[in-house]
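# Structural characterization, general
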Amino acid sequence: ILDTGASKTLITTIPFGEEIFLESSRIVHLSGLGAGEPIEAFYSEKNQLRIANVVGKNLDMLFLKNDIFQLSSFMGTNVHGIIGYELFADFAVEINYLDKEIILYDPDSFEKKFKKLPRHRKWHKIPLFIEDKKPYVDVSFTHQPGAEEIPLRLLIDTGSSNAFSLYDLTHEGITVPKSQINTLIGVGLSGKVSGHIGRIESIKIGDMSFDEPVVAYPDSASIRRVFSLGDRNGSLGGEVLRRFKVIFHYSNQALYVRANKDFKDQFNYNLSGIEVNTPVPNLPLYVVSDVRENSPADREGVKKGDVIKFINGEPVTTMDLNELITYLQKRKSRNLILGVQRDSVYKRFKFRLENQLRVDSNIN
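By convention here, each chain's residues receive numbers from 1 onward along its written sequence. With the structure being a predicted model, the display of local features is reserved for residues of pLDDT at least 70 and the display and counting of side-chain atom pairs for 80 or more, all residues being used for whole-chain, interface and lining totals. Excluding hydrogens and water, the side-chain figures rest on all heavy atoms present in the structure.

What follows is about the overall build of the protein. Looking only at helices and strands, one finds 7 helices and 26 strands in the protein. The globule rule used for comparison is 2.2 Å times the number of residues to the exponent 0.38, while the radius of gyration itself is calculated over C-alpha atoms. The C-alpha atoms of the protein give 21 Å as radius of gyration, which agrees with the globular expectation for 364 residues (21 Å, within 12%). Overall, the C-alpha framework of the protein stretches about 60 × 60 × 40 Å when taken along its three principal axes. Buried residues in the protein amount to 46% of all 364 residues. Numbering of helices and strands runs from the N terminus, with a helix taken as a DSSP run of H or I at least four residues long and a strand as a DSSP run of E at least two residues long. Relative accessibility thresholds used throughout: buried, under 20% of the residue-type maximum; exposed, over 50%; partly exposed, between the two (1.4 Å probe, protein chains only).

Dropping the structure here:
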């Protein structure tokens, strides 16, 4: 995973049947988002990393002793780790979400290209602040209609699937909306990240506004270790970035963005309450890994461990994991019919998908 939120390259698991011999390593303890304790990793120096015809030498890398992330299961394909700062420090990195393409530019060779971009009417140049090998951007957010705009600084985190995360302990103006859902937000270096999701009026980046985005609010136990990692109020993730073609240019301290056809997409969340993973990456075998309490699926009796067979009469063997998750997040139809196998018994559930999140009303 290409992750601007990672200051080091991190190997989470080794391909099956392979061995790695580290010539120079020591055990270190890592901590970050999550309510758990720090985890152990091997810190290894002087490694070489090759991506196509690009070779990085003398790299410091981390190898987890235990794979807490289970990335392959939740991504639906084999994923062995995370690459972060080293790539962004040496190149200008373009990510084209629609074409599923990453382009690496030599910043010096393409200097003229990056000077021209801000003058193009479709490209926007946004200042970046690089602190502790991570990129930050200044935004302004409005909690509800009539409220004042509040300036915040957010970490840009390409490794996060959320649109925005805000830390209410960092600013008195950040409050969890009254209309909210208690849920699992993600997994960090220190374990599961729990909290709430809700909608707010808007968040602005430069001259672009994102209206009624879904915002994650990690609980205090999950963010207690990040306060020492920089003066940030939260993060901006992939659900925003996928709406653009983006170029990270660390040496210019700039983020260049150009809106794509997904820019005006509504901000969605998991309406069903079902979390899904696959125990065998790259095979269409999908298992319910969690069910949000009091969600439509929970009220109808869907259980953790159920194997999903059909959605609205369509066999899931025709879908990859991303397509299946999109089906559960977006209200293609008001009713969802789910066929699952529980042990040796086939069960059928029908429930209604409705948006439970509303922006808070005007200030009293």
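On to the side chain of T183. For T183, the location among the structural elements is in strand β13 (residues 180-188). Here T183 falls in the buried class, since its relative accessible area comes to 12%. Beyond its immediate stretch of four places on either side in the chain, T183 contacts S194, G195, I197 and R292. Working rule for contacts: check all heavy atoms of both residues, and any pair within 4.5 Å makes them a contact.

A few words on the pattern of salt bridges. In the sections that follow, a salt bridge refers to a side-chain nitrogen of Lys or Arg positioned within 4 Å of a carboxyl oxygen of Asp or Glu. Inspection of the entire model under this criterion finds 14 salt bridges. In this structure, the salt-bridge partner of E131 is R153, at a minimum N-O distance of 3.2 Å. With E131 in strand β9 (residues 129-131) and R153 in strand β11 (residues 150-156), this residue pair connects regions lying 22 residues apart in the sequence. Two residues, E239 and R243, come together in a salt bridge whose shortest N-O distance is 2.8 Å. For the pair E239 and R243, a shared accessibility class is recorded, and that class is buried.

The term nonpolar core refers to a set of buried residues drawn from Ala, Val, Leu, Ile, Met, Phe, Trp, Tyr and Cys, joined through side-chain atoms within 4.5 Å. In this structure, F164, F248, I274, V302, I311 and F351 are the most contacted members of the largest nonpolar core, which totals 66 residues. Those residues in contact with F351, other than ones at most four positions away along the chain, are S272, I274, P296, A297, E300, V302, R334, N335, L336 and L338. By size, the runner-up hydrophobic cluster in this structure holds 13 residues, among which are A6, V28, Y43 and L71.

Stacked, edge-to-face and tilted are the three classes for Phe, Tyr and Trp ring pairs, Trp counted by its six-membered ring, which pair at centre distances within 6.5 Å; planes under 30 degrees apart are stacked, over 60 edge-to-face, the rest tilted. The final tally for this structure, using the stated rule, is 11 aromatic pairs. A ring pair is formed by F244 and F263, whose centres lie 5.5 Å apart and whose planes are at 70 degrees; its orientation type is edge-to-face. In this pair, F244 is assigned in strand β19 (residues 244-249) and F263 in the loop between β20 (254-259) and β21 (274-277), connecting sequence segments 19 residues apart. Looking at F263, the relative accessible area reads 22%, which means it is partly exposed. Here a set of aromatic residues connected by ring pairs shows up, and it is made of F164, F210, F244, F263 and F267. Here, a charge over a ring means that NZ of Lys or CZ of Arg falls within 6 Å of the ring centre while also lying within 35 degrees of the ring normal. We note R153 situated over the ring of F129; from NZ or CZ to the ring centre the distance is 3.9 Å.

Another point: the sheet that holds strand β1 (residues 9-11). We call two strands paired when DSSP finds no fewer than two bridges between them. Strands sit in the order β2-β3-β4-β1-β5 across an open sheet of 5 strands; the sheet is mixed. In this open sheet, the two edge strands, each paired with only one partner strand, are β2 (25-30) and β5 (81-82).

Spatially, the 5 strands line up as an open sheet ordered β7-β6-β19-β20-β8, and their pairing is antiparallel. Looking at the sheet topology across the chains shown, the edges are occupied by β7 (101-105) and β8 (123-127). When the angles between neighbouring strand axes are averaged without regard to direction, this sheet yields 20 degrees. Here 4 bridges tie strand β6 (residues 92-96) to β19, and the two strands are oriented antiparallel to one another. Lines fitted to C-alpha atoms define the axes here, with helix axes fitted over just the stretch in contact, and angles between the N-to-C directions of these axes take values from 0 to 180 degrees.

Here we take up helix α7 (residues 321-329). Residues that lie three or four places apart on an α-helix share one face, since the helix turns once every 3.6 residues. Among the residues of α7, those classed as buried are L321, L324, Y327 and L328. For α7, the arc enclosing every buried residue in end-on projection is 120 degrees, short of the 170-degree limit, so these residues lie on one face. Near the N-terminus of α7, the side chain that reaches the backbone nitrogen of N322, with its oxygen 3.1 Å away, is that of D320. Starting at the helix axis, one direction is taken to each C-beta atom, and the arc is that of these directions. The definition of a polar contact used here is a pair of N or O atoms within 3.5 Å, where within protein one atom must be able to donate a hydrogen and the other to accept one, and adjacent residues in sequence count solely through side-chain atom pairs.

Time to look at the side chain of R243. By the element assignment, R243 lies in the loop between α5 (238-241) and β19. Looking at R243, the relative accessible area reads 0%, which means it is buried. What R243 contacts, discounting residues up to four positions off in sequence, is F210, R258, A259, N260, D262, F263, K264, D265, Q266 and F267.

Before going further, it helps to examine unusual backbone geometry. Positioned with a positive phi, K100 is a non-glycine residue whose angle comes to about 55 degrees. Unusually for a residue other than glycine, Q253 sits at a positive phi of about 50 degrees. For Q253, the location among the structural elements is in the loop between β19 and β20.

Together, V280, L283 and L285 make up a nonpolar patch on the protein surface, roughly 220 Å² of accessible area in all. Positionally, L283 belongs in the loop between β21 and β22 (286-291). By definition, no residue in a patch forms a salt bridge, and every one has over 30% relative accessible area; like charges are joined within 9 Å, nonpolar side chains (Val, Leu, Ile, Met, Phe, Trp, Tyr) within 5 Å. All accessible areas in this document rest on Shrake-Rupley with a 1.4 Å probe, and a residue is counted as covered only by the protein chains that are shown.

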